[in-house]
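# Descriptive analysis of the structure
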Amino acid sequence: MHLEEIAFHVAPGAHAVLLLDQAGWHGSAELVVPDNITLLPLPPRCPELNPVENVWQFMRDNWLSNRIFSSYDDIVDHCCFAWNKLVDQPWRIMSIGLRQWAHRF
């Protein structure tokens, strides 16, 4: 359903390429990929190629590291705080995910 939703928003005549890490659930044999989408798996063990890894690192570096959590709920609360703080800074998300090499072509 997720791929169908993405495919729906791809402009007519355009084609989307989705980068995927090597997580096991990204490679199901039952996955149906719409014709206007190509899945491009990243090489294994290459977090520097996956911008979301940099997002998590930014959150850890700025809001989640060097603290002791008192409970599971405390961890969830801090993670929600960090996520919401980052979502309020869309320019930061764009700069974290920017790959200069991807814009040279």
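Definitions and limits used
- Residues numbered from 1 in each chain as written.
- Predicted model: local features only at pLDDT ≥ 70, side-chain atom pairs only at ≥ 80, totals over all residues.
- Heavy atoms only, no water.
- UniProt positions renumbered as here; feature names shortened; annotations may be inferred.
- Helix = DSSP H or I, 4+ residues; strand = E, 2+ residues; numbered from the N terminus.
- Buried < 20%, exposed > 50% of the residue type's maximum accessible area, 1.4 Å probe, protein only.
- Lys, Arg positive; Asp, Glu negative; His and termini not counted.
- Salt bridge = Lys/Arg side-chain N within 4 Å of Asp/Glu carboxyl O.
- Contact = heavy atoms within 4.5 Å.
- Axes fitted to C-alpha atoms, helices over the stretch in contact; angles between N-to-C directions.
- Parallel < 35°, antiparallel > 145°, perpendicular 65-115°, else oblique.
- Left-handed = near helix turned anticlockwise from the far one by under 90°.
- Nonpolar A, V, L, I, M, F, W, Y, C, P; charged D, E, K, R; others polar.

For the rest of this paragraph, the subject is the UniProt feature "domain: Tc1-like transposase DDE" (unreviewed entry) in the chain. Mapped onto this numbering, the UniProt entry gives "domain: Tc1-like transposase DDE" (unreviewed entry) at residues 3-75. Measuring from the first to the last C-alpha atom of residues 3-75 gives 31 Å, for a span that is 34% helix and 14% strand.

Turning next to the side chain of D74. Here D74 lies in helix α3 (residues 72-87). Although D74 lies buried, it forms no salt bridge, and the closest oppositely charged side chain, R67, sits 7.2 Å away as judged by the N-O distance. Dropping the residues within four chain positions of it, D74 is found in contact with I68 and F69.

With that settled, consider the packing of helix α2 (residues 51-64) against α3. In contact at an axis separation of 10 Å, α2 and α3 are set at 115° when each is read in the N-to-C sense. Between α2 and α3, the angle is such that the two are roughly perpendicular. Crossing geometry of α2 relative to α3 is assigned as right-handed. On α3, the residues touching V55, W56, F58, M59, W63 and L64 of α2 are H78, C79, F81, A82, W83, K85 and L86. Across the contact of α2 with α3, the residue classes break down as eleven nonpolar, one polar and one charged.

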